[in-house]
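# Structure assessment
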Amino acid sequence: MLGAGLIKIRGDQCWRDLTCMDFHYETQPVPNPAAYFLHQSPWWVHRFETLSNHFLELVVPFFIFLGRRMCILHGALQILFQVVLIISGNLSFLNWLTMVPSVACFDDATLGFLFPSGPGGLKDRVLKLQEEAARGARPPLRYGCMVRRAVHMALGILVAWLSVPVVINLLSPTQIMNTSFNPLRIVNTYGAFGSITKERTEVILQGTASPNASTPDAVWEDYEFKCKPGDPGRRPCLISPYHHRLDWLMWFAAFQTYEHNEWIIHLAGRLLANDAMAVSLLALNPFEDRAPPRWVRGEHYRYKFSRPGGQHAAAGKWWVRKRIGPYFPPLSLRDLEDYFRSREWPYPELE
């Protein structure tokens with residue numbers, strides 16, 4: 001949490017002037033239906049959200065060291081924070097995993113109501129063990145117990161040693177957002193949304209059966225992904241904690257170029273062959289049960305949420321989109337033959 005908070009304060013100016021939440025719901029990797037409505041909130045709600053984020057990531061983590069009650073409050077606030085994030089976006093399993101260490105903030109007395117308290121129950125047995133320990137009636141340590149303690153000690157020392165560069169990075173004004181400092185990857189540095197994109201762009205993949213891709217009468221048909229925005233009339237998906245990795249990568253590709261994301265040309269080649277594994281990652285293949293497309297291209301669009309009560313929303317559209325230009329030009333399998341072979345990729349075979 002602290003790393004995520006620090007990367008924001010040190011990163012995008014909008015975190016410091018409290019305007020990042022004006023954009024986040026619309027431009028996050030994979031918005032869900034709640035994000036559509038949260039984006040429409042008044043400006044002062046977005047300012048409160050940004051301030052709350054800073055408080056939860058930069059201040060609340062220190063509650064762990066301020067005694068039992070503050071530690072419990074820390075756990076409750078962090079779990080509540082993650083629930084809000086789950087409701088407001090499809091951030092895969094990240095938020096669900098982040099809840100797990102927060103459970104350690106709740107001691108036996110706090111969680112006791114979850115367990116039976118009758119004679120012979122778990123709470124009764126634990127109480128007897130605690131009474132025996134208080135009287136000094138502890139059984140002698142067995143060999144297995146001693147070995148386990150030694151392993152725990154060794155693991156603790158290893159984690160502490162591997163944490164040194166992570167803590168140094170945390171305190172550095174040139175903090176790196178997400179990286180590992182050792183090949184074991186046991187301890188890593190983390191920080192999310194250090195910068196916020198101010199507008200949403202999408203790459204729309206299209207295919208055509210026309211023999212000539214440059215003719216005005218060529219009919220281009222859109223491929224639809226399982227979750228990322230495409231058809232403006234399709235409701236945003238709700239998949240958390242599941243993760244559509246390809247949809248997530250398409251979000252990154254949209255604010256870069258295809259030269260930075262050669263895999264998208266690989267995907268285009270697979271679509272040109274109607275490759276079963278590739279099309280299984282999509283929600284809609286317009287060339288299903290048909291001959292594969294002769295050409296595939298990438299088009300670049302700017303997307304914005306429609307305004308509730310407005311013209312587009314009244315027409316059933318969640319998004320309003322405007323073409324920016326080509327993302328990559330029309331490609332045929334023949335065009336890609338040298339490209340694939342130079343990268344030692346298997347050349348797609350027509351299904």
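Further up the page is the structure itself.
The structure presented is a predicted model; accordingly, all values stated were derived computationally and were not measured. (Residues numbered from 1 in each chain as written. Predicted model: local features only at pLDDT ≥ 70, side-chain atom pairs only at ≥ 80, totals over all residues. Heavy atoms only, no water.)

This paragraph deals with the packing of aromatic side chains. Applying the stated criterion to the full structure yields 17 aromatic pairs. Between Phe55 and Phe63 the ring centres are 6.3 Å apart and the planes differ by 75°, which places this aromatic pair in the edge-to-face class. Between Phe340 and Trp345, the aromatic rings sit 5.3 Å apart at their centres with planes inclined by 85°, giving edge-to-face as the arrangement. Classification of Phe340 as buried rests on a relative accessible area of 0%. Members of the aromatic cluster, joined through ring pairs, are Tyr36, Phe37, Tyr303, Phe305, Trp318 and Trp319. (Phe/Tyr/Trp six-rings, centres within 6.5 Å; stacked < 30°, edge-to-face > 60°. Buried < 20%, exposed > 50% of the residue type's maximum accessible area, 1.4 Å probe, protein only.)

Next up on the list: the layout of surface pockets. What the second largest pocket holds in volume is close to 300 Å³. As for the second largest pocket, its lining consists of 16 residues, and the residues nearest its centre are Leu246, Leu267, Met277, Ala278 and Leu281. Breaking the lining of the second largest pocket down by element, the ones donating at least two residues are α11 (245-254), α12 (263-272) and α13 (276-279). For the lining of the second largest pocket, the element with the most residues is α12, which contributes four residues. Each residue belonging to the lining of the second largest pocket can be placed in one class, and the counts come to seven nonpolar, four polar and five charged. (1 Å grid on protein atoms, 1.4 Å probe; cavity = no way out; pocket = protein on both sides within 12 Å on 5 of 7 lines; lining within 4 Å. Points joined across faces, edges and corners; volume = space filled by probe spheres on them. Helix = DSSP H or I, 4+ residues; strand = E, 2+ residues; numbered from the N terminus. Nonpolar A, V, L, I, M, F, W, Y, C, P; charged D, E, K, R; others polar.)

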